[in-house]
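So you can see what is in the structure, the chains are spelled out below.
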Amino acid sequence: MKTFINPYKFGICLVSIVFLLNACTKNFGEINTDPNLVTQPDVKYLFTYTADRLPPSTTEWIWESLEQLMRYTQQVSASPYELSGSVNSRYRAYYADILPNLIEIRHQIDLKQDKERYQKMGAVTYILGVYYGVRVTDMNGSIPYSEALLARYEGKFDPVFDPQQALFTRWLDELDNAIQSLANPNLPDQESYGDADIYYQGDWVKWIKLANTLKLRIAARLENQDSEATRRIFQQVMQDATGPIDGNDAQLQYLNPTQAFLGADVDYRSRRYANRQMVRFMKKSADPRIRIYFDQNDLTGSFRDTLAKYNVQLPAFIDPNDPLVMYQGGPADWTTDQSVTQWMSNAFQVGQYSRYFLISPVNRLFLSPKLNGATGNALHVLVSYAETCFYIAEFIQKGYGAGIDTKGSLSDWYNKGIASSIVTMNEVAREAGSSLGFTGDGTAEIQAYQQHPEVVLGGGNDLERIYIQAYLSFFRLPNEAYVLCRRTGYPRTGSTYYPMEPFNEPIPRRFGISDPGEVNRANWEQAYQEQDFTLRAVDAQTLSQERVWYDKNAPAFGGGD
């Protein structure tokens, strides 16, 4: 089910809380003395504003995803750019737009005389806080949380940086407490966010499912440090009465018909192209998502007649008889294969008036549905059913489900993940007004893909196949693709199934947090020293050598077993 933002209500939301949001970026201590500030905002509108900030911003998409993470994971082929000061916008957003508002909702609930009737509304704020907090710690390790944003309430301006291990322990407890509250039938008549909940419209069961899938996200991240914790969390989730996300209608998603999303910035500094390993695999396995992820090159229509007319042959890396010749990818590292790289931005000249661009760009409308006056809509899917299914398949394959009812076999969960990903990506493309992977319900295309020899399980490399399908499903979630590649070492260098290409650049394993200033510099420096991080380092070489806690025992990129 798609969820729409009501533009009228959203406008009221912005007006109602604008003063509060300004206060969030100022000294919290001033809010109690400034008569122009709204000190009792409507928690429903505050929730809507915060929920709308959950999707990665345009800044994150351009500076972190398209220019950095998607190159590191070899999902796109693009020109390299420096790690600029715009990287790590997620950290700033967490403390400016997300966490302050969630904490304020809890504060406003605590002030109510009938606060018992708002317990489920309060519980949901912890789920959102964990969702975004995991993304922040992924690239930063220790971050303020337990004492974050206490300046307004307790006058504390120097919050400690909580270690990543402690963060995960706390977040798991918060998710468990939220699940318990949301599932409790004995709480007095509960107020609801209703339509102000742009994701689930106050459906507490779906919030429970999301919380359980977030527990699986954490379990996957913990595995290289504590595989027994991964086993325990997985079994808890599968034995929970509600369980994790169990269908596309329970995904964390919403449709915003007014949002320009990336706009023209999708091409900021340079065009992004398909990666050749992804194109090769998708062509070899007849993956319908190839038509969604990538635009066709110019080798369409009667191009063969034109080549024959001028007696010209295509470069050797292209087979003119390939039925999917209109999809060609470039190398992950442009320094490794000049015979292909020379055509990344240059046209292949055939005759005086005929030339062809050979490399397929990333599908820009899929990422920017209002590009150049287009009228598509941005459908954001932040936590998917496919992701849930692939975690479960991975954990079953690793033996973590022994002794419990996993609600289906390894193949069941794997195939459900594939089907959900293809359907979801097709729906995102449909809303964007972009090219589709299939028309109709897609049953035939999905079943053919699931049964393809390159996809079906039982080929002796089942875990690798699970990883690759999860990787393909994360094309619109670059952070999750990056975390998967970092924690598993897949795609794997030298694989005969889906190899990682040579990549000569250093790949950062973390981002840097700017000096917070004198008021909290001591805590920041202590946290960096405890993690063996170099203070003020922003260069890729240094960041490639320093790992957050849960990444300490992970393989190198491409170094999977």
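Okay, so let's go over this structure. (Residues numbered from 1 in each chain as written. Predicted model: local features only at pLDDT ≥ 70, side-chain atom pairs only at ≥ 80, totals over all residues. Heavy atoms only, no water.)

### As for helix α18 (residues 462-473)
Condition: Here a strand is any run of E in DSSP of at least two residues, a helix any run of H or I of at least four, and the numbering for each starts at the N terminus. For a helix, the expected span equals 1.5 Å multiplied by the number of residues minus one. Accessible area is worked out with a 1.4 Å probe on protein chains only. A residue is then buried under 20% of its type maximum, exposed over 50%, and partly exposed in between.
For α18, which comprises 12 residues, the first-to-last C-alpha distance of 17 Å matches the rise-based estimate of 16 Å (1.5 Å per residue) to within 8%. Most of α18 is tucked away: 11 of the 12 residues are buried. Here α18 has its buried residues at D462, E464, R465, I466, Y467, I468, Q469, A470, Y471, L472 and S473.

### Digging into the pattern of salt bridges
The condition is simple: Throughout this description, the term salt bridge denotes a Lys or Arg side-chain nitrogen within 4 Å of a carboxyl oxygen of Asp or Glu.
Following the criterion strictly, the structure yields 37 salt bridges and no others. E104 is paired through a salt bridge with R152; the nearest N and O atoms lie 2.5 Å apart. Of this pair, E104 sits in helix α4 (residues 89-111) while R152 sits in helix α6 (residues 151-154), and the two are 48 residues apart along the sequence. Its relative accessible area of 10% is what places R152 among the buried residues. Between D114 and R117 there is a salt bridge; the shortest N-O distance is 3.1 Å. Among the residues examined, R117 registers a relative accessible area of 27% and is labelled partly exposed. Members of the salt-bridge network, linked through shared partners, are D138, R217, R221, E387 and E480.

### Description of helix α9 (residues 227-239)
Because each turn of an α-helix spans 3.6 residues, side chains separated by three or four positions in sequence point in the same direction. Its 13 residues give α9 an end-to-end C-alpha distance of 18 Å, which sits within 8% of 18 Å, the value for a rise of 1.5 Å per residue. All of the buried residues in α9 are A229, T230, I233, F234, Q235, V237 and M238.

### Side note on empty space enclosed by the protein
Basically, it comes down to this: The pocket and cavity definitions rest on a 1 Å grid over protein atoms only: a 1.4 Å probe that fits but cannot leave marks a cavity, an open set with protein on both sides within 12 Å along at least five of seven lines marks a pocket, and residues lining either have an atom within 4 Å of a point. Grid points are joined across faces, edges and corners, and a volume is the space filled by probe spheres set on the points. Gly is put with the polar residues, along with every residue not named as nonpolar or charged; the nonpolar set is Ala, Val, Leu, Ile, Met, Phe, Trp, Tyr, Cys and Pro, and the charged set is Asp, Glu, Lys and Arg.
Scanning all chains against the criterion turns up six cavities of 30 Å³ or more. What the largest cavity holds in volume is close to 100 Å³. Looking at the largest cavity, it is lined by 13 residues, and the ones nearest its centre are P56, Y131, R135, L477 and N479. When contributions to the lining of the largest cavity are tallied by element, the ones reaching two or more residues are α3 (58-72), α5 (119-140) and α19 (478-488). Residues that form the lining of the largest cavity fall into these classes: six nonpolar, two polar and five charged.

### Things to note about the layout of surface pockets
Approximately 260 Å³ is the volume found for the second largest pocket. Looking at the second largest pocket, it is lined by 14 residues, and the ones nearest its centre are I103, R106, Y126, L150 and R170. Those elements that place two or more of their residues in the lining of the second largest pocket are α4 and α7 (164-183). For the lining of the second largest pocket, the element with the highest residue contribution is α4, accounting for five residues. The class makeup of the residues in the lining of the second largest pocket is seven nonpolar, two polar and five charged.

### Quick look at unusual backbone geometry
The step from Y490 to P491 runs through a cis peptide bond, and the omega angle for that step is -5 degrees. On the secondary structure map, P491 appears in the loop between α19 and β9 (492-493). Positive phi values are uncommon outside glycine, yet Q201 reaches one of about 50 degrees. One can find Q201 in the loop between α7 and α8 (204-222). Look at Q201 and you get partly exposed, because its relative accessible area is 28%. The phi torsion at K407 lies on the positive side, around 60 degrees, for a residue other than glycine. Mapped onto the secondary structure, K407 falls in the loop between α15 (385-397) and α16 (410-432).

### What about the environment of D539?
Along the chain, the position of D539 falls in the loop between α20 (521-530) and α21 (540-543). Looking at D539, the relative accessible area reads 35%, which means it is partly exposed. For the pair D539 and Q75, spaced 464 residues apart in the sequence, the C-alpha separation amounts to 22 Å.

### Looking at the pairing of strand β4 (residues 252-256)
What counts, and what does not: We call two strands paired when DSSP finds no fewer than two bridges between them.
Among the five residues of β4, five are classified as buried, and the element is accordingly described as predominantly covered. Across five bridges, β4 lies against strand β8 (residues 378-383) in antiparallel orientation. Each residue of the ladder has a partner; that of Q253, found in β8, is V381.

Honestly, it's all geometry; don't read function into it.
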